[in-house]
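Inside the fold
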Amino acid sequence: MHGFAAEWLQGEILKRRDALLLVLLGAELIGATCGIAVIRRGFSASDAPSTLERIVFRNVRNLGIPRNDKESKNPLTPGPDLMREARGDFTNHCAGCHGLDGNGRSGVGQNLYPRAQDLRVPATQNLTDGELHYIIQNGVRHTGMPAIGNPHMFEDGNTAWKLVLFIRSIAQTTPQEKVEQAEITKSAHYVGSIACQKCHVEIYERWKKTPMANVVRDPREHPDAIIPDLATNNVSKKFTKEEVAYVYGSLWKQRYFTKIGDDYFPEPAQWDVLNKAWRPYKVADGTDWWVQFYPPDNMKRPTGPTCDGCHSVDYNIQTKEVAEWNVGCERCHGPGSEHVAHATRGNILNPARMDTISANDTCIQCHSQGRPLTSPIEGKYYDWPVGYRVGLNLRDYWQLEDHKLGELSFTHFPEGTAHKNRMQGNDFVRSEMYRHGVTCFDCHDVHGTGNYAQLRKPANQICLDCHGPGSQNGPRGATLAEHTHHKVGSAGSECVACHMPKMEVTIPGVFVRAHTFEVITPAMTDKYKIPNPCTTCHSDKTTNWATDALRHWPNQSPWRE
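Source: prediction; values computed, not measured.

**Re the overall build of the protein chain**
Counting secondary structure elements, the protein chain contains 23 helices and 12 strands. In terms of its C-alpha atoms, the protein chain occupies a principal-axis envelope of roughly 115 × 65 × 45 Å. Considering the protein chain as a whole, with its 561 residues, one finds that 43% of them fall into the buried category. Here the analysis covers contacts within the protein chain between residues at least 6 apart in sequence; of these, 55% occur between residues at least 24 apart.

**Some remarks on the state of the cysteines**
By definition, a disulfide links the sulfur atoms of two cysteine residues through a covalent bond. Under the defined criterion, the tally for this structure stands at one disulfide. With no disulfide partner, C196 has as its closest neighbouring cysteine sulfur the one in C329, 3.8 Å distant.

**Let's talk about the pattern of salt bridges**
With the rule as written, the count across this model stands at 26 salt bridges. Of the charged contacts, one joins R84 and E202 as a salt bridge, the two residues approaching to 3.6 Å between their closest N and O atoms. Here the residue R84 occupies a position in helix α4 (residues 80-93), and E202 occupies one in helix α10 (residues 201-207), the gap between them amounting to 118 residues. Taking the relative accessible area as the measure of exposure, R84 reaches 32% and is therefore partly exposed. For E202, a relative accessible area of 29% puts it in the partly exposed group. Within the structure, one salt-bridge network assembled from shared partners comprises D81, R84, E202, R206 and D445.

**Things to note about the packing of aromatic side chains**
By the definition in use, this model includes 19 aromatic pairs. When the centroid spacing of 3.7 Å and the interplanar angle of 5° are considered together, the rings of F293 and Y381 count as stacked. Here Y381 lies in the loop between β9 (370-372) and β10 (398-400) and F293 lies in the loop between β6 (277-280) and α11 (303-308), a separation of 88 residues in the sequence. When its relative accessible area of 35% is taken as the criterion, F293 is described as partly exposed.

**Points about the environment of E177**
Its place among the elements puts E177 in helix α9 (residues 175-187). For E177, a relative accessible area of 15% corresponds to the buried category. Along the backbone, E177 and L349 are 172 residues apart, and their C-alpha atoms lie at a distance of 9.9 Å.

**Focus: the packing of helix α7 (residues 129-138) against helix α8 (residues 159-169)**
Remark: α7 packs on α8, axes separated minimally by 9 Å, with the N-to-C direction vectors making an angle of 125°. Taken as axis vectors, α7 and α8 run oblique relative to one another. For α7 against α8, the interelement crossing comes out right-handed. Between α7 and α8, the residues in contact are D129, G130, L132, H133, I136 and Q137 and A160, W161, L163, V164, I167 and R168, respectively. Here the contact of α7 with α8 is composed, by residue class, of seven nonpolar, three polar and two charged.

**Structural notes on the pairing of β6**
Sheet topology note: the strand β5 (residues 269-272)/β6 ladder contains four bridges and is antiparallel. When the bridges of β6 are listed, D272 appears paired with A277. What sits between the antiparallel neighbours β5 and β6 is a turn of four residues, in which K276 has the positive phi angle 50°.

**Regarding a nonpolar patch on the surface**
On the surface, L52, V56 and V60 cluster together into a nonpolar patch covering about 250 Å² of accessible area. Relative to the assigned elements, V56 resides in helix α2 (residues 51-63).

**Notes on the nonpolar core**
Of all hydrophobic cores here, the largest spans 23 residues; its most connected members are F90, I136 and L163. When residues of this core are assigned to their parent elements, the largest contribution, seven residues, is made by α8. Beyond its immediate chain neighbours, meaning those up to four positions away, L163 contacts A86, D89, F90, C94, I136 and I148.

**Quick word on the environment of I227**
Its location among the elements puts I227 in the loop between β1 (216-217) and β2 (246-248). It is 8.1 Å that separates the C-alpha atoms of I227 and W271, two residues lying 44 residues apart in sequence. Those residues within four positions of I227 in sequence are excluded, and the remaining contacts are S250, Q254, W271 and V273.

**Considering unusual backbone geometry**
Note: most residues except glycine have negative phi, and most peptide bonds are trans. Across the junction of S375 and P376, the peptide omega takes the value 5°, indicating a cis bond. Topologically, P376 is positioned in the loop between β9 and β10. Residue P475 is bonded to the preceding G474 through a cis peptide linkage, with omega at 5°. Its place among the elements puts P475 in the loop between α18 (459-466) and α19 (480-484). For N326, which is not glycine, the phi dihedral falls at a positive 80°. By the element assignment, N326 lies in the loop between β8 (324-325) and α12 (329-333). With relative accessibility at 9%, the residue N326 sits in the buried group.

Cut-off values and rules
- Residues numbered from 1 in each chain as written.
- Predicted model: local features only at pLDDT ≥ 70, side-chain atom pairs only at ≥ 80, totals over all residues.
- Heavy atoms only, no water.
- Helix = DSSP H or I, 4+ residues; strand = E, 2+ residues; numbered from the N terminus.
- Buried < 20%, exposed > 50% of the residue type's maximum accessible area, 1.4 Å probe, protein only.
- Contact = heavy atoms within 4.5 Å.
- Disulfide = S-S within 2.5 Å.
- Salt bridge = Lys/Arg side-chain N within 4 Å of Asp/Glu carboxyl O.
- Phe/Tyr/Trp six-rings, centres within 6.5 Å; stacked < 30°, edge-to-face > 60°.
- Axes fitted to C-alpha atoms, helices over the stretch in contact; angles between N-to-C directions.
- Parallel < 35°, antiparallel > 145°, perpendicular 65-115°, else oblique.
- Left-handed = near helix turned anticlockwise from the far one by under 90°.
- Nonpolar A, V, L, I, M, F, W, Y, C, P; charged D, E, K, R; others polar.
- Pairing = 2+ DSSP bridges.
- Patch = residues over 30% accessible without salt bridge, like charges linked within 9 Å, V, L, I, M, F, W, Y side chains within 5 Å.
- Areas by Shrake-Rupley, 256 points an atom, 1.4 Å probe, with all protein chains shown as cover.
- Core = buried A, V, L, I, M, F, W, Y, C linked by side-chain atoms within 4.5 Å.

Right, dumping it as structure tokens:
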């Protein structure tokens, strides 16, 4: 028996030796193959690692994480405030390589070796919280992934755990969830924003105070909805509070809808909120494309085809009923009955988990000038994308207003920038921001913030998150003042002053900001009659003065007038 055991043991040793030799031989072959490949193609960091390299690299990285760290649980519980902090940390410290939404397609990330990882995909999302935390905290040797354990970089000991929370929040919708969402949207129905309050209390309370939640108000339910004294209306026939079925707007302008039959119609007067003055309201001939199809009388122009589709959730063109007035939760997240009954990621839509085209379409559906692909629809002309809901392809329902370069139209300046309000989408889709995958909600949070226009942060802070002085994205100057040629803190040092000037008309004399992010020069004013930020601010100066001033800026291209 003893001899048999010895013989068996000797056999096992030989087998393991042979296996080890095979492993070593395989490693030598792999090394030789990699060596030949390197010799042939060189050491360029712009090359993409081979599949073999990626597999070996990930396994070696994961094997190097101690077991206790792998099994660590995130001590933080996600909440709105914490997630805002996590998003800020990610933007400030990770987005430069991994992109704002974690897709890895930044200019820096695509030129690292190995490339910056797409943090949304299973290869990352399947890691445990502990593994993600260890990688973030300690970095990865021989890659562009730095450690954040340096006490000079981070004061908050929970930064790595907060980043784990953010990375989890950007996980792509899985194929199974997509199938579930497609089925749910067929059977789910709208339940109203109030149904979301129970689980999303903080978000609901913020949203309830936003313009989105208050664009249409019933003065019987909200006695303070009507801003001016209607008796002071001096630009049209008088109308009383009792005749006002709904009040529209409160930020720049306020209009008043009266009900006749089962339709609503706009009164011929509007209140200019900023200037505290009455102004006539009538869409004139030769302006919006749909005007020619309706009589010139406001009382013959129902708001259903022209307005209500964007100011409500699920406007029904047959019944003229809505699931909810205002831009409620389900306008952006789809019908929520199934999610309210048993909440999962797969039975609700979330633009934050969509591709950037679909995500931006959620906003562009209403923040754009255009027309339905099919018109008329059941004999009526609609000024909103009938049939579209979040999750579908907006391009199958809506076409943006066309423009011919060189022509001043009702919607566009001759060089192509929007000319009137509700064209943020028209501007944005032609911008570098859009082409680089930036989304509307990278800057805005429609759930509500304390900042103007529901910005996530004050405007300059948002811009400088990605465009800090000396950054790859510009500006190239060492300081903000070197770039703007204005004192820090002055109106001229605001990024939006030059890159998002107020030039799009909402009502006469009241302007909102352009969203092309392009600088409009004084020379363009001379050529195309488009306002430029220089002489708009320095209203006592001429375009020649402004052009000459720009020529003396050392960081201004002499060829860009």
